[in-house]
Amino acid sequence: QVQLVESGGGLVQPGGSLRLSCAVSGNFFTINHMGWYRQAPGKEREWVARINSDGTTSVADSVKDRFTISRDNAKTTAYLHMKYLKPEETAVYLCNANVQPAPIPFRYDYWGQGTQVTVSS
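As the structure is a computational prediction, the values presented were derived from the model and not from experiment.

S.K.: When you look at the overall build of the protein chain in this model, what are you seeing that I'm missing?
M.R.: Scanning the protein chain for helices and strands turns up 0 helices and 11 strands. Taken from N to C terminus, the helices and strands of the protein chain fall in the order β-β-β-β-β-β-β-β-β-β-β. In terms of overall size, the protein chain behaves like a compact globule, its C-alpha atoms giving a radius of gyration of 14 Å where 121 residues would be expected to give roughly 14 Å. With respect to the principal axes defined by its C-alpha atoms, the protein chain has extents near 50 × 25 × 20 Å. Sorting the 121 residues of the protein chain into buried and exposed places 39% on the buried side. Looking at the protein chain alone, contacts between residues at least 24 apart form 54% of all its contacts between residues at least 6 apart. Separation of charge centres in the protein chain, based on 12 positive and 10 negative side chains, amounts to 3 Å.

S.K.: When you look at the environment of arginine 71 in this model, what are you seeing that I'm missing?
M.R.: Position of arginine 71 relative to the elements: it lies in strand E7 (residues 67-71). Every residue in contact with arginine 71, bar those within four places of it in the chain, is listed here: Ile51, Asn52, Ser53, Asp54, Gly55, Thr77, Ala78 and Tyr79. At a separation of 2.8 Å, a polar atom in the side chain of arginine 71 contacts the main-chain carbonyl oxygen of asparagine 52. Among the polar contacts listed, one links the side chain of arginine 71 to the backbone oxygen of serine 53, at a separation of 2.9 Å.

S.K.: Hey, could you run me through unusual backbone geometry in this one?
M.R.: Leave glycine aside and you will find that most residues have negative phi; peptide bonds, for their part, are mostly trans. Its identity as a non-glycine residue notwithstanding, lysine 75 has a phi of 65°, on the positive side. By secondary structure assignment, the location of lysine 75 is in the loop between E7 and strand E8 (77-82). Residue lysine 75 is classed as partly exposed on the basis of its relative accessible area, which comes to 43%. The backbone of tyrosine 84 shows a phi angle near 50°, a positive value even though the residue is not glycine. The residue tyrosine 84 is located in the loop between E8 and strand E9 (91-100) in this model. Look at tyrosine 84 and you get exposed, because its relative accessible area is 52%.

The rules behind the values
Residues numbered from 1 in each chain as written. Predicted model: local features only at pLDDT ≥ 70, side-chain atom pairs only at ≥ 80, totals over all residues. Heavy atoms only, no water. Helix = DSSP H or I, 4+ residues; strand = E, 2+ residues; numbered from the N terminus. Rg over C-alpha atoms; globule rule 2.2 N^0.38 Å. Buried < 20%, exposed > 50% of the residue type's maximum accessible area, 1.4 Å probe, protein only. Contact = heavy atoms within 4.5 Å. Lys, Arg positive; Asp, Glu negative; His and termini not counted. Charge placed at Lys NZ, Arg CZ, Asp CG, Glu CD. Polar contact = N/O pair within 3.5 Å; in protein donor to acceptor, adjacent residues only side chain to side chain.

Nothing here speaks to function; it is all geometry.
And the structure:
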(Lines give C-alpha, C1' and ligand atoms only; values in the text may rest on other atoms or scores of the structure.)
Protein backbone atom coordinates (compact mmCIF):
# COMPACT_ATOMS: atom_id res chain seq x y z
CA GLN A 1 0.00 0.00 0.00
CA VAL A 2 1.32 3.40 -0.98
CA GLN A 3 0.62 6.45 1.16
CA LEU A 4 1.22 10.12 0.56
CA VAL A 5 1.38 12.55 3.46
CA GLU A 6 1.46 16.29 2.90
CA SER A 7 2.54 18.88 5.42
CA GLY A 8 3.55 22.51 5.62
CA GLY A 9 0.29 24.27 4.98
CA GLY A 10 -1.05 27.07 7.11
CA LEU A 11 -1.94 30.73 7.26
CA VAL A 12 0.35 33.18 5.51
CA GLN A 13 0.05 36.86 4.72
CA PRO A 14 -0.15 38.05 1.13
CA GLY A 15 3.33 38.18 -0.31
CA GLY A 16 4.55 35.55 2.10
CA SER A 17 6.16 32.17 1.54
CA LEU A 18 5.49 28.57 2.43
CA ARG A 19 7.10 25.23 1.73
CA LEU A 20 4.89 22.18 1.35
CA SER A 21 6.18 18.64 1.69
CA CYS A 22 4.83 15.36 0.35
CA ALA A 23 6.31 12.10 1.58
CA VAL A 24 5.62 8.82 -0.19
CA SER A 25 5.80 5.61 1.81
CA GLY A 26 4.86 1.97 1.40
CA ASN A 27 5.78 -0.83 -0.97
CA PHE A 28 6.51 0.15 -4.54
CA PHE A 29 9.07 -0.32 -7.28
CA THR A 30 9.59 3.25 -8.43
CA ILE A 31 7.98 6.67 -8.54
CA ASN A 32 7.63 7.97 -12.07
CA HIS A 33 6.61 11.49 -11.27
CA MET A 34 5.16 13.56 -8.47
CA GLY A 35 3.09 16.67 -8.64
CA TRP A 36 1.09 19.27 -6.82
CA TYR A 37 -2.46 20.35 -7.47
CA ARG A 38 -4.74 22.77 -5.68
CA GLN A 39 -8.45 23.13 -5.27
CA ALA A 40 -10.22 26.20 -3.98
CA PRO A 41 -13.81 26.07 -2.70
CA GLY A 42 -16.25 25.92 -5.58
CA LYS A 43 -13.50 25.58 -8.17
CA GLU A 44 -12.04 22.73 -10.17
CA ARG A 45 -8.80 21.08 -9.24
CA GLU A 46 -5.87 22.91 -10.84
CA TRP A 47 -2.47 21.50 -11.72
CA VAL A 48 0.40 23.46 -10.16
CA ALA A 49 3.73 21.69 -10.64
CA ARG A 50 5.38 18.40 -11.50
CA ILE A 51 8.76 16.73 -11.10
CA ASN A 52 9.73 13.76 -13.22
CA SER A 53 11.90 10.78 -12.36
CA ASP A 54 14.83 12.36 -14.21
CA GLY A 55 14.50 15.52 -12.15
CA THR A 56 13.02 17.73 -14.82
CA THR A 57 10.28 20.01 -13.61
CA SER A 58 7.40 22.06 -14.91
CA VAL A 59 5.07 24.56 -13.31
CA ALA A 60 1.81 26.19 -14.32
CA ASP A 61 2.06 29.57 -16.00
CA SER A 62 0.03 31.12 -13.19
CA VAL A 63 2.77 30.34 -10.65
CA LYS A 64 5.84 30.56 -12.84
CA ASP A 65 8.72 32.51 -11.25
CA ARG A 66 7.03 32.21 -7.82
CA PHE A 67 6.67 28.47 -7.19
CA THR A 68 9.29 25.77 -7.62
CA ILE A 69 9.15 22.02 -7.10
CA SER A 70 12.01 19.90 -5.83
CA ARG A 71 12.62 16.56 -4.14
CA ASP A 72 14.97 14.90 -1.71
CA ASN A 73 17.88 12.66 -2.67
CA ALA A 74 15.84 9.53 -1.98
CA LYS A 75 13.28 10.78 -4.50
CA THR A 76 10.42 9.93 -2.18
CA THR A 77 9.63 13.40 -0.86
CA ALA A 78 8.60 16.29 -3.04
CA TYR A 79 8.54 19.92 -2.00
CA LEU A 80 6.58 22.87 -3.30
CA HIS A 81 8.31 26.14 -2.57
CA MET A 82 5.85 29.00 -2.81
CA LYS A 83 6.64 32.70 -2.57
CA TYR A 84 4.78 35.96 -3.13
CA LEU A 85 1.54 34.16 -2.33
CA LYS A 86 -1.73 35.81 -3.28
CA PRO A 87 -5.11 35.64 -1.49
CA GLU A 88 -6.67 33.97 -4.52
CA GLU A 89 -4.24 31.09 -4.06
CA THR A 90 -6.01 30.02 -0.91
CA ALA A 91 -6.84 26.37 -1.49
CA VAL A 92 -6.27 22.81 -0.43
CA TYR A 93 -2.98 21.73 -1.96
CA LEU A 94 -2.84 18.07 -2.91
CA CYS A 95 0.11 15.88 -3.75
CA ASN A 96 0.03 13.27 -6.48
CA ALA A 97 2.45 10.44 -7.21
CA ASN A 98 2.50 8.17 -10.24
CA VAL A 99 3.89 4.90 -8.98
CA GLN A 100 4.93 1.57 -10.40
CA PRO A 101 4.13 -1.08 -7.77
CA ALA A 102 6.52 -3.62 -9.34
CA PRO A 103 8.80 -3.89 -12.42
CA ILE A 104 5.77 -4.36 -14.64
CA PRO A 105 4.22 -1.94 -17.16
CA PHE A 106 1.49 -0.67 -14.86
CA ARG A 107 1.32 2.65 -13.10
CA TYR A 108 -1.09 3.97 -10.57
CA ASP A 109 -1.89 7.45 -9.36
CA TYR A 110 -1.98 8.05 -5.63
CA TRP A 111 -3.15 11.16 -3.81
CA GLY A 112 -2.54 12.66 -0.44
CA GLN A 113 -5.24 14.02 1.81
CA GLY A 114 -4.29 17.61 1.08
CA THR A 115 -2.99 20.48 3.15
CA GLN A 116 -4.78 23.80 3.56
CA VAL A 117 -3.03 26.97 2.50
CA THR A 118 -4.75 30.21 3.48
CA VAL A 119 -3.37 33.51 2.22
CA SER A 120 -4.89 36.33 4.22
CA SER A 121 -3.97 39.39 6.20
